[in-house]
Amino acid sequence: ATFADATGMSVTISTGAHRCLITVVASAHNSSTNNMMLDIDLDGARLGAVTYGLIVVKGEITFNRNMSFSYLTDVLSAASHTFKLQLARESSGTFTLFASSAVVPLVLGVQEINSP
């Protein structure tokens, strides 16, 4: 699968030398039964597994799927960092990540965790 940026789903923040909590609220639909995957690109490098990213959900033709997740980064350098939501599908079919649905809006949130 080839991961691609989800349009308009990026956050840039300046951090101290701390971890960040990434929260994604998402709903998706697949036109086939192939896997749908989400990942986070942090400063040009994906955080998840090479093949499946941070989350993988089996597609079902007749159902929208919840693809929400949270991820706690390692300690980041004190600098500006860009987080991008990325998506991929396993092979054939159309993967639709909803900007909003009757169930959930599409949200990408990043919060610096300043704890000892």
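A brief structural summary. Every chain is numbered independently, its residues counted from 1 as its sequence is written. Under the rules for a predicted model, residues below a pLDDT of 70 receive no local features and side-chain atom pairs below 80 are neither given nor counted, while totals for whole chains, interfaces and linings still include all residues. Heavy atoms throughout the structure, all of them, feed into the side-chain values; hydrogens and water do not.

With that settled, consider the packing of aromatic side chains. To describe a pair of aromatic rings, you give the distance between the ring centres and the angle between the ring planes. In summary, the pairing rule links any two rings of Phe, Tyr or Trp, Trp by its six-membered ring, whose centres are within 6.5 Å, and it sorts them by plane angle into stacked for under 30 degrees, edge-to-face for over 60 and tilted for everything else. According to the stated counting rule, one finds zero aromatic pairs in the structure shown. For the cation-ring pair, R46 lies above F3, with the distance from its terminal atom to the ring centre recorded as 3.8 Å. Counted as over-ring charges are cases with an Arg CZ or a Lys NZ within 6 Å of the ring centre that also lie within 35 degrees of the ring normal.

Next up on the list: the sheet that holds strand 8 (residues 69–72). For two strands to be treated as a pair, DSSP must find at least two bridges joining them. Numbering of helices and strands runs from the N terminus; a helix is a DSSP stretch of H or I covering at least four residues, while a strand is a stretch of E covering at least two. In space, the three strands of this open sheet follow the order 8-2-11, with antiparallel pairing throughout. Of all the strands in the sheet, the pair left with one neighbour each is strand 8 and strand 11 (107–113). Averaged over neighbouring strand pairs, the angle between their axes works out to 15° when direction is ignored. Pairing of strand 2 (residues 19–25) with strand 11 involves seven bridges; the strand directions are antiparallel. Bridge pairing links I22 to V110 in strand 11. Axis lines are fitted to C-alpha atoms, over the contacting stretch for helices. Their N-to-C directions set the angle, which ranges from 0 to 180 degrees.

Attention now moves to unusual backbone geometry. Positive phi, close to 55°, is recorded for D43, a residue that is not glycine. For D43, the location among the structural elements is in the loop between strand 4 (35–42) and strand 5 (45–46).

Here the focus is the side chain of T15. Mapping T15 onto the fold places it in strand 1 (residues 4–15). Exposed residues in this analysis have more than 50% of their type's maximum accessible area, buried residues have under 20%, and partly exposed residues fall in between, with area computed by a 1.4 Å probe over protein chains only. Note on T15: relative accessible area 8%, which makes it buried. Distance and chemistry together define a polar contact, namely a pair of N or O atoms within 3.5 Å, with one atom able to donate a hydrogen and the other to accept it when in protein, and with adjacent residues in sequence counting only for side-chain atoms on both sides. Polar contacts involving the side chain of T15 include one to the main-chain carbonyl oxygen of S77, which spans 3.1 Å. The contact criterion used is simple: two residues touch if any of their non-hydrogen atoms lie within 4.5 Å. Discounting chain neighbours no more than four positions away, the residues touching T15 are C20, L76, S77, A78, A79, H81 and E112.

Quick look at the nonpolar core now. Residues enter a nonpolar core if they are buried and are Ala, Val, Leu, Ile, Met, Phe, Trp, Tyr or Cys, with the set joined through side-chain atoms within 4.5 Å. Counting residues in each nonpolar core, the largest one holds 25 residues, and the members touching the most others are L38, L85 and L97. Mapped by element, the contributors of at least two residues to this core are strand 1, strand 2, strand 4, strand 6 (55–58), strand 9 (79–89), strand 10 (95–97) and strand 11. If you tally residues by element for this core, the top one is strand 4, at four residues. Excluding its chain neighbours within four sequence positions, the residues that come into contact with L85 are A4, D5, A6, M9, V24, L38, D39, I40, L97, L106 and L108.

Shape descriptors only; they carry no functional weight alone.
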